[in-house]
Amino acid sequence: MRLNLTSVDWIVCIAALAVNVMLGLYLGLRGRRKADSSSFFLAGRKLTWPIVGASLFSTNIGAEHLVGLSGDSYRYGLIAGTVELATVISLGITVALLLPYYVRNKVFTIPEFLELRYRPEARMCFSGLMVFICVVTKMAFTMYAGALVMHAVMGWGVMQSVLIMGVTTAIITMIGGFGVVAYTDAIHTPIMIVGSGIILFTGLHKIGGWGALCEAVQHSPVPNAMHIHGAWNDPIYPFWGIMLAAAGAGAFYWGMDQVNVQRLLGARDLKQARWGAMFAALLKLTPVFIFALPGVIALALYPNLNAKDSRDTFVWILENLLPTGIRGYVLAALLGAVLCSTIAVMNSISTLAVRDFILRFRPQTSEAEQVRFGRLAIVAAMFLGMGAAAVIAWQPEGIYKYLQTMSIYLSMPLIPAIAFGILSKRVTFAGAAASFLSGIVICAIYVIDELLPDKAVAANIFPLLHHPITLNYTYRGFWGMLLITVILFTVSAFTKKTDPAKLQQTTVNWGGKIEPFQGFSDWRLHLTVLGITTVLAYWWLW
């Protein structure tokens, strides 16, 4: 499917992207007083809550959301966006239980915190897997989704488009560091929300409003597309399976994943970080409406796209719903999403590479050398991401669903040791190591089963994974984490206990005093209001 752009579209698109990038570079470089590691990797720890929250949102919303979520919503309905509304659960866990201990210990990376909680070996293992996760579940999907649009716009090959995006984003990241990443993210957030909102309201106007949309969808190939509740045994998006995933894999994504947590670590203090997280949770109420719903509108207006073309739903929306000029603005929002998400991942990979690997083997590395090694790591990440993007093109079930699947499987080995390492003083290094290794085995089994092209063969090899309660990726993630957690506590019960002095700084003191309520500025009030709003949104779309 090709997208036809006028000269006005190109002018608007290029101008919007140029303003976004140049202003982000200016603000980021202006705030970077010196070329030390703290400035390059965490923007000097001086970000305020609007920048933190907007950067969190923009980092999360890559091209896989604009392209992948609209495409999956065309194929499956609003249930494809179920997980988007569940962010309040994940960020609630993060700001209440995890974030205070990261901030207290002034860490650069989550693996660095694990060294404080366990041992240096834990830092190396966890950091290695986190780098792998960043490449195969973030960079690859974002670059591939963006390449689909570049193919439609320019006629370039997918991998040629991936190469151009990879080189461009690598250059920006190497120049500016994390400060530029955060400010570019924040500037792009309103561009993306306004552009996607234009798509939504234009589509609703064209079809005749909400009531007409609901009526039209009932006569489409997906008659339940306006309902967000999937049956418990839905093969793709079971509602309760997704809720379980939000508490597990979602807590990892928002509270343990370096790419997202790095924004919180760059905040001025814990209060600013918590307010930023709540702002991000507020913004995350919008994707199901501005990204998923347009896919359903496309389904109602043009229900005859084949499976391959449905991946190009976003391109169809640009071509058929938007007028000249606006089309270029929305295309800028998409390309900006690719840019922001990719530079965020590249910067985080460079942070992990330098802080968790280079400094371990070269502790005498100077501040300037750390920045230099960080830039080399960005180049390496670019090539790894391009290679991983090439693997995704043949996946048949939609890139957004596949992204969720791989994210849950690959985060399983890490979640119990990080979460319970903070929540429980009983967890030991031996228990964490056993849970990590067992998680790797379970993850490998899941991924092999997922990648086998013949599902009948997969069912014969792994029969336990093909029952209704284990077939979907969300249920598999739940059972896998449950088993890993049992291993974690069982091994911990029979192995050497952790030094109490170390536990005092890295684990929850359940007998401590509760923070006094601070009125309207209290993050707990914000979380409560957001939680009630989320429940009402689910009830409305149920």
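Above this text sits the structure in question.
A brief report on the enclosed structure follows. (Residues numbered from 1 in each chain as written. Predicted model: local features only at pLDDT ≥ 70, side-chain atom pairs only at ≥ 80, totals over all residues. Heavy atoms only, no water.)

1. Quick look at the layout of surface pockets
Rolled over the atoms, a probe sized like a water molecule indicates the empty space that remains.
Here is step 1 of the chain: The calculated volume of the largest pocket comes to roughly 580 Å³.
Here is step 2 of the chain: Taken together, 19 residues make up the lining of the largest pocket; nearest its centre are Tyr101, Val508, Asn509, Lys513 and Glu515.
Here is step 3 of the chain: The calculated volume of the second largest pocket comes to roughly 410 Å³.
Here is step 4 of the chain: Along the wall of the second largest pocket there are 19 residues; nearest its centre are Leu17, Met165, Thr168, Leu335 and Leu339.
Here is step 5 of the chain: Broken down by secondary-structure element, the contributors of at least two residues to the lining of the second largest pocket are helix H1 (7–30), helix H8 (158–207) and helix H16 (326–361).
Here is step 6 of the chain: For the lining of the second largest pocket, the leading source of residues is H8, giving 8 residues.
Here is step 7 of the chain: Here the lining of the second largest pocket is composed, by residue class, of 16 nonpolar, 3 polar and no charged. (1 Å grid on protein atoms, 1.4 Å probe; cavity = no way out; pocket = protein on both sides within 12 Å on 5 of 7 lines; lining within 4 Å. Points joined across faces, edges and corners; volume = space filled by probe spheres on them. Helix = DSSP H or I, 4+ residues; strand = E, 2+ residues; numbered from the N terminus. Nonpolar A, V, L, I, M, F, W, Y, C, P; charged D, E, K, R; others polar.)

2. Some thoughts on the side chain of threonine 428
Here is step 1 of the chain: For threonine 428, the position within the fold is in the loop between helix H19 (415–423) and helix H20 (429–451).
Here is step 2 of the chain: With a relative accessible area of 0%, threonine 428 lands in the buried category.
Here is step 3 of the chain: Aside from chain neighbours lying at most four places away, what touches threonine 428 is Tyr118, Ser492, Thr495, Lys496, Lys497 and Thr498. (Buried < 20%, exposed > 50% of the residue type's maximum accessible area, 1.4 Å probe, protein only. Contact = heavy atoms within 4.5 Å.)

3. Observations concerning a nonpolar patch on the surface
Here is step 1 of the chain: Taken together, the side chains of Trp232, Trp240, Leu244, Ile469, Phe478, Trp479, Leu482, Val486 and Trp542 make up a nonpolar region of the molecular surface, amounting to roughly 870 Å² of accessible area.
Here is step 2 of the chain: If one sorts the elements of the nonpolar patch by residue count, helix H22 (residues 473–493) sits on top with 4 residues.
Here is step 3 of the chain: Take phenylalanine 478: it is sitting in helix H22. (Patch = residues over 30% accessible without salt bridge, like charges linked within 9 Å, V, L, I, M, F, W, Y side chains within 5 Å. Areas by Shrake-Rupley, 256 points an atom, 1.4 Å probe, with all protein chains shown as cover. Salt bridge = Lys/Arg side-chain N within 4 Å of Asp/Glu carboxyl O.)

4. Digging into unusual backbone geometry
Here is step 1 of the chain: In this model, lysine 106 sits at a positive phi of 50 degrees, which is unusual for a non-glycine residue.
Here is step 2 of the chain: In this fold, lysine 106 is placed in the loop between helix H5 (87–104) and helix H6 (110–117).
Here is step 3 of the chain: Residue lysine 106 is classed as exposed on the basis of its relative accessible area, which comes to 59%.

5. Let's talk about the packing of H5 against H19
Here is step 1 of the chain: Contact geometry of H5 with H19 gives a least axis separation of 10 Å together with a crossing angle of 80 degrees. Between H5 and H19, the interaxial angle falls into the category roughly perpendicular. Of the residues in H19, those touching H5 at Leu97, Leu98, Tyr101 and Tyr102 are Ile418, Ile422 and Leu423.
Here is step 2 of the chain: Class assignment of the residues belonging to the contact of H5 with H19 gives a composition of 7 nonpolar, no polar and no charged. (Axes fitted to C-alpha atoms, helices over the stretch in contact; angles between N-to-C directions. Parallel < 35°, antiparallel > 145°, perpendicular 65-115°, else oblique.)

6. Thoughts on the packing of aromatic side chains
Here is step 1 of the chain: In this structure the tally under the stated criterion is 14 aromatic pairs.
Here is step 2 of the chain: Plain terms: the ring middles of phenylalanine 239 and tyrosine 538 are 5.4 Å apart, the flat faces sit at 90 degrees to each other, and that makes the pair edge-to-face. One end of the pair, phenylalanine 239, is in helix H10 (residues 239–247); the other, tyrosine 538, is in helix H24 (residues 523–541), and 299 residues separate them in sequence. Across the pair, tyrosine 538 and phenylalanine 239 agree in class, each one buried. (Phe/Tyr/Trp six-rings, centres within 6.5 Å; stacked < 30°, edge-to-face > 60°.)

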